[in-house]
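Residues per chain are reported as follows:
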Amino acid sequence: AEVPARAKKHAYVRFEVTDFHAKALSKTVPARHALSGGVFMYGGALAMGANAEVLVFPEEVTAKGCPNWRLAPDWTTLQRLPWASDADRDVFRVYCGVLKGTTEAAPPLTATPRVACSRALEALKSATGLDMLAASELEFVAATRKPAEGEPV
């Protein structure tokens with residue numbers, strides 16, 4: 001896949017995958033390194049998660065012995081992270097798939113939440129013709145430090 005020009009000119013790229021516990025794991029790399037030769041992640045981190053929780057490893061993982069796996073960025077998901085960026089640097093996030101190997105030609109690892117969701121969405125579309133559109137809503141509460149008596153917080 002072609003790397004978008006806007007990612008090439010920015011300082012850092014955060015490559016994000018979802019582990020088998022459906023938690024985000026990431027690796028943030030200077031763009032000058034990230035875009036030349038690939039980005040890799042230890043396979044055991046995907047299986048055990050950030051907290052090294054024990055679970056039953058899928059057969060694909062056990063057979064490979066948890067080697068480093070190549071991340072396959074989906075450049076259509078590239079986003080600037082405003083909370084991590086400032087006037088002197090930009091930090092971007094890109095969601096990734098995982099390849100079973102270290103080359104771009106390696107097959108995708110199918111035992112991941114991203115692949116499972118993609119398959120479920122494809123099944124929905126083929127069975128019903130419907131596409132699922134989803135979004136999240138960040139919620140917050142605005143309050144005063146010392147509310148007047150009887151006023152809502």
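Coordinates for the structure precede this section.
Heads up: these notes are all about the structure in this document. Note that the structure is predicted; figures quoted are calculated from it, not measured. (Residues numbered from 1 in each chain as written. Predicted model: local features only at pLDDT ≥ 70, side-chain atom pairs only at ≥ 80, totals over all residues. Heavy atoms only, no water.)

## Describing the packing of aromatic side chains
Rules: Aromatic contacts are taken between Phe, Tyr and Trp rings whose centres are within 6.5 Å, Trp giving its six-membered ring; a plane angle under 30 degrees counts as stacked, one over 60 as edge-to-face, and the others as tilted. Where helices and strands are cited, they refer to DSSP runs of H or I of at least four residues and of E of at least two residues respectively, numbered from the N terminus. Between buried and exposed lies partly exposed: a residue is buried under 20% and exposed over 50% of the maximum accessible area for its type, with that area taken using a 1.4 Å probe on protein chains only.
Evaluation of the coordinates by the stated rule reveals one aromatic pair. Considering the side-chain rings of F15 and W75, the 6.1 Å spacing of their centres and the 80° angle between planes classify their relative orientation as edge-to-face. Of the two residues, F15 sits in strand β1 (residues 12-18) while W75 sits in the loop between β4 (68-73) and β5 (79-80), which places them 60 residues apart along the sequence. Residue F15 shares its accessibility class with W75, and that shared class is buried.

## Some remarks on the side chain of S85
Formally: Pairs of N or O atoms within 3.5 Å make up the polar contacts considered here, provided that, within protein, one atom can donate a hydrogen while the other can accept it, and that residues adjacent in sequence are counted only when both atoms are side-chain atoms.
You can see S85 is positioned in the loop between β5 and β6 (91-99). Owing to a relative accessible area of 11%, S85 belongs among the buried residues under this scheme. At 2.8 Å, the side chain of S85 forms a polar contact with the backbone nitrogen of V91.

## Side note on the pattern of salt bridges
A pair can form between side chains of opposite charge whenever their charged atoms are brought close. Heads up, the rule is: We define a salt bridge as a contact between a side-chain nitrogen of Lys or Arg and a carboxyl oxygen of Asp or Glu at a distance within 4 Å.
The final tally for this structure, using the stated rule, is six salt bridges. Ionic pairing is found between R80 and D90, a salt bridge with its closest N-O pair at 2.8 Å. Here D90 lies in the loop between β5 and β6 and R80 lies in strand β5, a separation of ten residues in the sequence. Look at D90 and you get buried, because its relative accessible area is 18%. Notably, a salt bridge pairs D131 with K125, separated by 3.1 Å at the nearest N-O pair.

## Looking at the pairing of β6
We count it as follows: Criterion used throughout: strands pair if DSSP finds at least two bridges between them.
When you tally the buried positions in β6, you get seven out of nine residues, the bulk of the element. As paired strands, β1 and β6 are joined by five bridges and run parallel to one another. By the bridge assignment for β6, R14 is matched with R93. Bridging between β4 and β6 involves four bridges; their strand directions are antiparallel. Note that in β6 the partner of L71 across the bridge is V98. Pairing analysis gives two bridges linking β5 to β6, with the strands arranged antiparallel. When the bridges of β6 are listed, Q79 appears paired with R93.

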